[in-house]
Amino acid sequence: MGVTSLPALASSSPPSALSTLDRQLLTAAHQGNLWEITTSQQAQSAATTACVKRVSADFIRDHRALDAGVVKTAAQLGVALPSGQTAAQLRQTAALKSRAGTPAYDAAWLKAQYLAHVQTLALIDKQIAQGTNPLVKSLAKSARPVVARHTQMVNHGLCHA
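## Quick look at the state of the cysteines
- Within the structure shown, the criterion is met by 1 disulfide.
- Disulfide pairing is shown between Cys-51 and Cys-159; the S-S distance is 1.9 Å. With the S-S dihedral at roughly -95°, the linkage between Cys-51 and Cys-159 falls on the left-handed side. Here Cys-159 lies in the segment after α6 (134-153) and Cys-51 lies in helix α3 (residues 50-77), a separation of 108 residues in the sequence.
- On the accessibility criterion, Cys-159 (25% relative accessible area) is partly exposed.

## Structural notes on the packing of helix α2 (residues 20-46) against α6
- Here α2 crosses α6 at 45°, and the two axes come no closer than 10 Å. For the element pair α2 / α6, the angle class is oblique. Seen along the crossing, α2 lies across α6 with a hand that is left-handed. Here α2 contributes Asp-22, Leu-25 and Leu-26 to the contact with α6, which in turn contributes Val-136, Leu-139 and Ala-140.

## Thoughts on the side chain of Gln-31
- Counting through the fold element by element, Gln-31 comes out in helix α2.
- By relative accessible area, Gln-31 is classed as buried at 13%.
- Of note is the side chain of Gln-31, whose polar atom sits 3.0 Å from the backbone oxygen of Gly-84.
- Apart from the residues within four sequence positions on either side, Gln-31 is in contact with Pro-82, Gly-84, Gln-85, Thr-86 and Gln-89.

About the thresholds
Residues numbered from 1 in each chain as written. Predicted model: local features only at pLDDT ≥ 70, side-chain atom pairs only at ≥ 80, totals over all residues. Heavy atoms only, no water. Disulfide = S-S within 2.5 Å. Helix = DSSP H or I, 4+ residues; strand = E, 2+ residues; numbered from the N terminus. Buried < 20%, exposed > 50% of the residue type's maximum accessible area, 1.4 Å probe, protein only. Axes fitted to C-alpha atoms, helices over the stretch in contact; angles between N-to-C directions. Parallel < 35°, antiparallel > 145°, perpendicular 65-115°, else oblique. Left-handed = near helix turned anticlockwise from the far one by under 90°. Contact = heavy atoms within 4.5 Å. Polar contact = N/O pair within 3.5 Å; in protein donor to acceptor, adjacent residues only side chain to side chain.

By themselves, these observations are geometric and do not establish any function.
Spelled out as structure tokens, the structure:
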């Protein structure tokens with residue numbers, strides 16, 4: 001029995017084999033990055049505080065870089081990514097926009113960013129622990145410190161530039 005189980009321990013799947021979780025991370029990360037970039041660009045003109053404007057500028061830069069990695073990895077693995085944000089993300093972007101130029105915008109933007117980053121960290125941690133594709137796991141590991149830093153920048157809906 002030990003002899004027949006040895007090949008199963010060896011890498012019998014191609015290195016590009018993807019689990020549902022691997023695909024989920026690539027898709028969610030791409031859509032999340034698109035949402036982060038869009039809402040952070042919006043915050044550049046809609047926010048009323050310098051802190052939110054500084055944080056959103058960092059988010060634009062960082063999420064563009066993170067998304068470039070997601071797009072590259074997805075292309076290497078033959079994963080087609082969605083072309084835009086989810087319907088829920090589009091609704092949230094519109095809801096934020098409706099508060100543009102008011103102190104309520106800044107508070108809503110910070111809260112939305114905090115919740116999104118907490119959810120993303122949970123998905124990243126799940127990918128690191130349970131993902132199967134080494135390229136996707138590596139992507140998650142490299143994104144984690146950036147997402148963790150962003151979470152601290154908007155911790156509990158407060159601005160910590």
